Amino acid sequence: MSYPTAAPSQGRAATSAQAATQARAAAPALAALPLPERALLLRGLSHALGENAAPLAAIAEDETRLGMERLRSEIRRTQAQLQMFADVIEAGAFLDVVIDPPDPSAQPAPRPDIRRMLVPLGPIAVFSASNFPFAFSVLGGDTASALAAGCPVVVKAHEGHPRLSDLAGELAAEILPAGVLTVVHGREEGRRLVTDPAIRAVGFTGSTSGGRALFDLANSRPDPIPFYGELGSLNPVVVTRAACRARGTDIVREYIASVALGQGQFCTKPGLLFLPADHALHARLRQEITAVPPAPLLGLWISAAYHATLEQLATHPAVRPLHLTHKPDDPRTSTPALLTTSAKSLRTHPELLRECFGPASLIVTYTATEDLLETLQALPAGLTATVHGQEPEDEALAQRLTATMQAGRLIWNGWPTGVAVTAAMHHGGPWPATTSPLHTSVGNRAIGRWMRPVAYQNMPEGLLPAPLRRANPWNVPQQVVGSRPIPDGKI
Ligand code: NAP
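Residues numbered from 1 in each chain as written. Predicted model: local features only at pLDDT ≥ 70, side-chain atom pairs only at ≥ 80, totals over all residues. Heavy atoms only, no water.

Undergrad: How do you make sense of the nonpolar core when you look at a structure like this?
TA: General note: in soluble globular proteins, nonpolar side chains tend to be found buried as a group. Of all hydrophobic cores here, the largest spans 96 residues; its most connected members are Leu42, Phe85, Leu181, Leu272, Phe274, Leu346 and Leu401. At eight residues, the largest contribution of residues to this core is made by helix α4 (residues 68-91). For this core, the two domains that each supply at least three residues are domain 1 (8-231 + 438-451) and domain 2 (236-412). Residues Ala13, Val184, Ala198 and Leu214 belong to the second largest nonpolar core, which totals 20 residues. (Core = buried A, V, L, I, M, F, W, Y, C linked by side-chain atoms within 4.5 Å. Buried < 20%, exposed > 50% of the residue type's maximum accessible area, 1.4 Å probe, protein only. Helix = DSSP H or I, 4+ residues; strand = E, 2+ residues; numbered from the N terminus. Domains from an automatic or database assignment.)

Here's what the structure looks like:
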């Protein structure tokens, strides 16, 4: 592993201990900043990304080879995420203020005045992702949501884009107060960060093995802290018999496009496609996958892992290759691949249930509905699960399928790649999709990971935080018990 050896720039710390100490010092002032001022910081970061899009995209392309068009669009998405969280802050409902007025006549005992709200956890460690150098990196969703919550952030840069991470850190340092966002490098510094006493929670996007190692580390602390790991996922897609008959060709075209998008380097890539055993789509599948040109992957480490996993799956006795070309001469380049097996084989060989991060997918053929349901039951929980069916005849079947598949996002007649950043989005799921099934890393509610509730009992007005005061100086929504609740979806 190699990291830039230049003297630490503004926004970058030499050690995680330094960064965490600076973050701890910055935390109280950030938490106390009135919400409009906090929102302005996020809008400033969004603006800086836009102003510097050209040099940022050029460095990102040099480091990740994801292509300028994709990188430019990812910058815009990252800007939009920052602006969305600025809006969330200004709306104020994310503080979840609930007020129980006192009731001296309550039975069996008088009820005190109780006021509850969410407060920032403190400094957050963010492990950025290799495959989203902007949207899940230094100024990405974890950082944006943590800053919005009022928490300083220390980012452990991904070694796949170290120069880009430093430049993003420098831009942030020009806008944010000292210590509010710092970048550190190196695996050992990352591990030290997770155990640093100043760090109060961790956000992670990456592999199951890396996430599990750091999750265990966070739990091994004398004071265990929350660890929000977004890990891998198989993202099964089920095509019903009726859908296969009615629009099998279109489904195959869209499926291959989803598998190949970003060279298959998405945690939402459809890794399993369930087709009826008598489907007549082999030629079409081969035609579509053959048309996908070879392209570079994020780095040699991803490419090596992709080809090693692909080889293990392709040479498994229960698997037949549908399309498999030779390993390319350029070790960073990927060759798209399609493999096939039966639903019964998948049940008897759980070693086949592993993510192959890159443009490869496994077609699983099923005989009857029970064969399909039994296999879906055996799948690990995922970030997404998709059904392609026909209305109205598939309604009863689709209900059984969606009740069986465990995932954070259920999709009907669509594709899992492309995660909308919205108030209702849930990008998460039970283990092994994430380490915390209660939370999302995308959308408005991602902010909830970085806050904890505090109830204030019988506090005089002057001791209450501003959002809980009777005068409501921050003008945030206050849900007074007995009155109408705050409409959902406002955070
Ligand atoms: P990775 O290898 O897990 O690395 C992610 C971060 O964790 C890096 O900063 C890495 O440090 C660190 N790390 C990894 N193993 C560690 C360990 N044992 N101890 C301490 N730190 C460790 O992830 P990746 O390189 O991005 O690999 C791609 C994988 O991530 C795929 O499997 C994909 O499914 C998954 N992914 C998931 C999502 C999602 O949203 N769920 C998004 C993107 C990717 P170094 O920099 O030193 O390696």
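Undergrad: Please explain the packing of aromatic side chains as it appears in this structure.
TA: Two aromatic rings, taken as a pair, are described by how far apart their centres are and by the angle between their planes. This model, assessed by the stated rule, comprises seven aromatic pairs. Between Tyr228 and Trp450, the ring centres sit 5.4 Å apart and the planes meet at 90 degrees, which makes this aromatic pair edge-to-face. Of this pair, Tyr228 sits in strand β7 (residues 227-230) while Trp450 sits in the loop between β16 (407-412) and β17 (451-457), and the two are 222 residues apart along the sequence. You can call Trp450 buried: its relative accessible area is 0%. By the ring-pair criterion, three or more aromatic residues cluster together here, those being Phe127, Phe204, Phe215 and Phe227. In this structure, Arg70 packs its charged tip against the face of Phe132, placed 5.2 Å from the ring centre. Here the guanidinium or amino end of Arg212 rests over the ring plane of Trp431, the centre of that ring lying 5.3 Å away. (Phe/Tyr/Trp six-rings, centres within 6.5 Å; stacked < 30°, edge-to-face > 60°. Lys NZ or Arg CZ within 6 Å of the ring centre and 35° of its normal.)

Undergrad: Sorry if this is basic, but what is going on with the sheet that holds strand β18 (residues 478-480) here?
TA: Hydrogen bonding along the main chain pairs the strands of a sheet, whether they run parallel or antiparallel. Strands sit in the order β17-β2-β1-β18 across an open sheet of four strands; the sheet is mixed. The open sheet terminates on both sides in strands that have one partner only, identified here as β17 and β18. Within the sheet, the average angular offset between the axes of one strand and its neighbour, ignoring direction, is 25 degrees. Bridge count between strand β1 (residues 97-100) and strand β2 (residues 114-120): three bridges; the pairing is antiparallel. Looking at the pairing, Asp100 lines up with Ile114 of β2. (Pairing = 2+ DSSP bridges. Axes fitted to C-alpha atoms, helices over the stretch in contact; angles between N-to-C directions.)

Undergrad: Sorry if this is basic, but what is going on with the sheet that holds strand β13 (residues 337-342) here?
TA: Taken together, seven strands build an open sheet; the order of strands is β11-β13-β14-β9-β8-β15-β16 and the sheet is mixed. If you trace the sheet from one side to the other, it starts and ends with β11 (320-323) and β16, each paired once. Neighbour to neighbour, the strand axes of the sheet diverge by 25 degrees on average, direction disregarded. Two elements, strand β8 (residues 236-239) and strand β15 (residues 382-388), share three bridges in a ladder whose sense is parallel. Note on β15: the bridge partner recorded for Val238 is Val387. Against the sheet, helix α9 (residues 241-260) makes contact with β8, β9 (272-276), β13, β14 (360-366) and β15, and its axis sits at roughly 165 degrees relative to β14, the strand it touches most. Along the sheet, helix α11 (residues 300-314) makes contact with β11, β13 and β14, crossing β13 at roughly 35 degrees. (Contact = heavy atoms within 4.5 Å.)

Undergrad: What exactly am I supposed to notice about the domain arrangement of the chain here?
TA: On domain assignment, one finds that the chain holds domain 1 (8-231 + 438-451) and domain 2 (236-412). On a C-alpha basis, the centres of domain 1 and domain 2 stand 33 Å from each other. Domain 1 puts twelve residues into the contact, and the matching count from domain 2 is 13 residues. Note on domain 1 versus domain 2: buried area summed over both sides is about 990 Å², and carbon and sulfur give 57% of it. Put simply, domain 1 and domain 2 have zero salt bridges between them. Seen at the junction of domain 1 and domain 2, the total is three residue pairs in polar contact (both at pLDDT 80 or more). Here the side of domain 1 that touches domain 2 is built from residues that sort into three nonpolar, five polar and four charged. (Buried area = accessible area lost by both parts, 1.4 Å probe. Salt bridge = Lys/Arg side-chain N within 4 Å of Asp/Glu carboxyl O. Polar contact = N/O pair within 3.5 Å; in protein donor to acceptor, adjacent residues only side chain to side chain. Nonpolar A, V, L, I, M, F, W, Y, C, P; charged D, E, K, R; others polar.)

Undergrad: Before we go on, may I ask you to explain helix α13 (residues 369-377) in this structure?
TA: The periodicity of an α-helix, 3.6 residues per turn, causes residues three or four places apart in sequence to face the same way. All buried positions along α13 are accounted for by Asp371, Leu372, Leu373, Thr375 and Leu376. Structurally, α13 contributes buried residues whose contacts are with β8, β9, α12 (343-348), β14 and α14 (395-404).

Undergrad: Would you take a moment to explain the packing of α9 against helix α10 (residues 282-290) for this structure?
TA: The description of two helices packed together rests on the angle between their axes and the distance between the axes. The interhelical angle for the contact between α9 and α10, taken along N-to-C directions, is 30 degrees, at an axis separation of 9 Å. Relative to α10, the element α9 lies roughly parallel. Between α9 and α10 the crossing geometry is right-handed. Along the contact surface, α9 presents Thr249, Val252, Arg253, Tyr255 and Ile256, while α10 presents Arg284, Leu285, Glu288 and Ile289. Its residues assigned to classes, the contact of α9 with α10 shows five nonpolar, one polar and three charged. (Parallel < 35°, antiparallel > 145°, perpendicular 65-115°, else oblique. Left-handed = near helix turned anticlockwise from the far one by under 90°.)

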